[in-house]
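Here is how the chains run, residue by residue.
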Amino acid sequence: MSPARVVAIARKEWREIVRDRLFLLLAFLLPVLLMIVFGYGLTQDVENMPLAVVDHDRSAASREYARHYVDARYFRFVGYLDRVDDAERLLAAGRVRVVIVIGQRFERQLLEGRPVAVQTLTDGTFINSARVVQGYLDAINAGAGGALQAAALSRRLGVSDVRADTMLRPLRLEARYLYNQELRSIWAIAPSLIMNILMWTSPLLMALSVVREKESGSIYNIYASETPRVEFLLGKLLPCAGISFIDAVALWAMATGYFGAPFTGSAPAFAAATLVFVLATSALGLLISLWVRTQQAALMIVVLLGAVVGMHFSGMFEAVVSLPAPNRMIAHLFPAMYYNDVVLGTFLKGAGFAETWPDMIVIGLFACVAFALSFLSFHKRVAA
Amino acid sequence: MTVWLRQLRLMTSKELRQVWRDRPLAIFIVYIFTLDIVIAAGAGSRDLRDVRVLVHDGDHSAASRELVYLLRPPYFRLVGEVASPAEALRRLDRGDVMLVLDIPPGFERTLGQGHEPARAQLLVDTSRAIRGYLAASYVTQIAEGLGASIAARRLGRAGAAGLIVHEPRIWYNPNLDPAWFLTISELLTMMTVACIVLPGAALVREKERGTIEQLLVSPLAPFQVMFSKVLAMVLVTVAGTAVALLVVMQPIFGVPARGSLVLFLLLTGVYAFTNAGLGLVAATFARNSAQLGMIVLLLVTPIIMLSGTWVTIESMPAGLRAATNLSPLRHFIEIAYGILLRGNSLGELWRPVTSMTLLGLGLFSAGLWRFQRQSLRI
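Quantities reported herein were computed from a predicted structural model and do not represent experimental measurements.

Trainee: Kindly report on the overall build of chain A, identifying the contributing residues and their values.
Mentor: Helices and strands together make up the secondary structure of chain A, namely 15 helices and five strands. Compactness check: chain A gives a C-alpha radius of gyration of 29 Å against a globular reference of 21 Å for 384 residues, more than 25% above the reference. Dimensions along the principal axes, computed over C-alpha positions, put chain A at roughly 95 × 45 × 35 Å. The burial tally for chain A puts 57% of its 384 residues in the buried class. Of the roughly 15600 Å² of accessible surface on chain A, 61% is carried by carbon and sulfur atoms. Across chain A, the mean location of the 35 positive side-chain charges is 5 Å away from that of the 30 negative side-chain charges.

Here it is as structure tokens:
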């Protein structure tokens, strides 16, 4: 193998990329745009949920209780409704997502020291937000009810409010949020997006560059030349991986600068893992574009495979250890999961080489296997 | 008119045949309406299940054990106990567990005396913020529930004074079955991709191969050339959706269809038409399939990401929320979930249906207009 020839092919490749203005623009613009779209699109914070209250009691106590929901920043108060029927209509039309129904004898029962039930109706269509809303409702009810309950008990037994509170809640659990104290989902989403976006833009760039060669017929020059297959493939791979690496740096800058995610770990470890990862994903793109006959199909497969693996099999939303067994196995076959560990580790958990080297080795192995398979499936002889 | 219709029919069947003969493409289409939905129902589940919990029990008492054993499957899985908090932190760092429950020595004694609250600590990996928050709030609820039952034993009826019991009712998906949500969302997502890409790619392919010129010199109107591609896509999508619903989603996952199936398939057709229009507009801007791929990517990603299955529309910044009205998918999400889960009828859905149809007509006209202008220039 001659390094000079690899460099020559890489330079040819680079020049082709630079001259295709649209390609160049997209190669650098696409990841940045995706970062913005995904950054906002995947933020799973649930706020401003439209809320209505049906207050059958219309007492001071019921208004005071409802205020806890109306004032919460998670909800956008739409208004008081007279009847549950109206609430049902608004829920069906998707105009309200949550309804609080306060019964007729709310105040009287409270004053008599009896337990009172309050019903909440939640639109369960979009389960993710519905589940978070359930958490909010429980917490708000506990907060609003706890104070009322402690006051009632302290009146009854003649003890202090604090003492009454201890008697009512003798066990406390203090949650300490590690790595992301403010529970800002973008802090984890933005770093994972570096993985997610590269997982499909990088194979896509690679596939496009192979497609271009096949499309214009310039691949026949290679078939006819003395250049060995390895050198040609390397010469194609390296510039594309290089572009993806530059993209990765831009994405890193956006994650930290624009979305404000903290980077607490080792930058060299992150850079090293990123380099191996873009080589692996580019090799994957190379492999697919060599395997699939039509260009259209190659592009489609590359994009879908990257998107599906990046979303579902990377541990981005759910830790891979808690995936169902078959999905867990699939996840282990792709480099996304290992790189996601490195990214989250170096961003949020202060990780360095010591914690991330096993992941890097696996990603590197993937790169070698994908490249070797590409080599084996690339033939200079045209099928008759 | 009859000739015109026959020409359209022939062109449409030509398009269908072309899809069928491109084997990878045909396989892909079958895949997205069947297997893909099955995979999505398992893979993307953000249901809180099997949260891995590690315990550091410094008390080793009956009370601490009672608390630990309340963390039961399917929500939680106890993966073991560690001797030191430092070891627990290491496991958290590695991403091996999501929660660490740390019970300090003297926990049972404090709880028994009741002078001050007995405290336990929960360390939560919130690198997946919402999941972490949910897991933490489940455990908090369980622990406080245990506390409340102890308090109720001690205080008797006095403790129940002023208690407000929260009775949640969840509508349309009472058990919050993730498969109902995920299968529909996956179907819509993949349908969107296919409906935009395939007609656009078919047009670009004709451009690349030069067969477009044959079509232009034939007695076909540009409308017929364009519309046959759209029609083929509409047919494929409606058929695929019917298969997905009747063969996969209902039998395997029990997804209900509370509204009218006919209405749903009809509106699926309108949605396919709208997206195909978008694909054709994109195709008039692309010179080759590589360029089309890039353009489509730029269109499809925001459409899918920002239309309301992944993100909660209500929680978006106002400007972005307004922009989502331009996405056909945003309207179709309301229609699809509305008909299937909420049992909506056309009367309740007139708003999204009108928006989607108008968008579709606008997009198709724009595509046709640009195509006509380009074909005059050839």
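Moving on from the coordinates now.
Trainee: A description of the overall build of chain B should follow, citing residues and the corresponding values.
Mentor: The helix and strand inventory of chain B stands at 15 helices and five strands. For chain B, whose C-alpha radius of gyration is 28 Å, the value lies well above the compact-globule estimate of 21 Å for 378 residues. Taking the principal axes of its C-alpha atoms as reference, chain B extends roughly 95 × 45 × 40 Å. Across chain B, the fraction of contacts at a sequence separation of at least 24, relative to all contacts at a separation of at least 6, is 77%. Taken as a whole, chain B presents about 15600 Å² of accessible surface, with 62% of it coming from carbon and sulfur.

Trainee: Give a detailed account of a nonpolar patch on the surface, specifying residues and quantitative values.
Mentor: All names here are of chain A. A cluster of nonpolar side chains, contributed by Trp291, Val369, Leu373 and Leu376, occupies part of the molecular surface with about 420 Å² of accessible area. Tallying contributions element by element places helix H15 (residues 353-377) first for the nonpolar patch, with three residues. For Leu376, the location among the structural elements is in helix H15. On the basis of relative accessibility, which here comes to 55%, the residue Leu376 falls in the exposed class.

Trainee: Explain the interface of chain B and chain A to me, and be specific about the residues and the numbers.
Mentor: Taken together, the contact between chain B and chain A spans 112 residues of the former and 109 residues of the latter. Where chain B packs against chain A, one counts five salt bridges. Between B:Arg342 and A:Asp123 there is a salt bridge, with the nearest N and O atoms lying 2.9 Å from each other. Taken together, the connections running from chain B to chain A amount to 32 residue pairs in polar contact (both at pLDDT 80 or more).

Trainee: So what's going on with the pattern of salt bridges? Which residues, and what values?
Mentor: In total, this model carries 32 salt bridges over all chains according to the counting rule given. For the salt bridge of A:Arg73 with A:Glu47, the shortest nitrogen-to-oxygen distance reads 2.9 Å. Pair noted here: A:Arg73 is in the loop between helix H3 (60-70) and strand S2 (75-81) and A:Glu47 is in the loop between helix H2 (21-41) and strand S1 (49-55), with a separation of 26 residues, a long-range link. Assessed through its relative accessible area of 56%, A:Arg73 is described here as exposed. For A:Glu47, a relative accessible area of 28% translates into the label partly exposed. The salt bridge partner of B:Arg205 is B:Asp22, with a shortest N-O separation of 4.0 Å. Separated by 183 residues along the polypeptide, B:Arg205 in helix H8 (residues 178-209) and B:Asp22 in the loop between helix H1 (2-21) and helix H2 (23-33) bring together distant segments of the chain.

Trainee: Describe in detail the packing of aromatic side chains, supporting the description with residues and values.
Mentor: All names here are of chain A. Tallied over the entire structure, the rule returns 29 aromatic pairs over all chains. Their ring planes at 85° and their centres at 5.5 Å tell us that Tyr220 and Tyr223 sit as a pair that is edge-to-face. Of this pair, Tyr220 and Tyr223 both sit in helix H9 (residues 219-224), three residues apart, roughly one helical turn. Residue Tyr220 is classed as partly exposed on the basis of its relative accessible area, which comes to 48%. Plain terms: the ring middles of Phe277 and Tyr339 are 4.1 Å apart, the flat faces sit at 10° to each other, and that makes the pair stacked.

Trainee: Please set out the environment of A:Gly79 residue by residue, giving values where relevant.
Mentor: Residues and elements named next belong to chain A. Position of Gly79 relative to the elements: it lies in strand S2. Sequence separation between Gly79 and Leu22 is 57 residues, and the spatial gap between their C-alpha atoms is 51 Å. Not counting chain neighbours up to four residues away, the residues in contact with Gly79 comprise Leu51, Ala52 and Val53.

Reading the values: the criteria
Residues numbered from 1 in each chain as written. Chains lettered and ligands numbered in written order. Predicted model: local features only at pLDDT ≥ 70, side-chain atom pairs only at ≥ 80, totals over all residues. Heavy atoms only, no water. Helix = DSSP H or I, 4+ residues; strand = E, 2+ residues; numbered from the N terminus. Rg over C-alpha atoms; globule rule 2.2 N^0.38 Å. Buried < 20%, exposed > 50% of the residue type's maximum accessible area, 1.4 Å probe, protein only. Areas by Shrake-Rupley, 256 points an atom, 1.4 Å probe, with all protein chains shown as cover. Lys, Arg positive; Asp, Glu negative; His and termini not counted. Charge placed at Lys NZ, Arg CZ, Asp CG, Glu CD. Contact = heavy atoms within 4.5 Å. Patch = residues over 30% accessible without salt bridge, like charges linked within 9 Å, V, L, I, M, F, W, Y side chains within 5 Å. Salt bridge = Lys/Arg side-chain N within 4 Å of Asp/Glu carboxyl O. Polar contact = N/O pair within 3.5 Å; in protein donor to acceptor, adjacent residues only side chain to side chain. Phe/Tyr/Trp six-rings, centres within 6.5 Å; stacked < 30°, edge-to-face > 60°.

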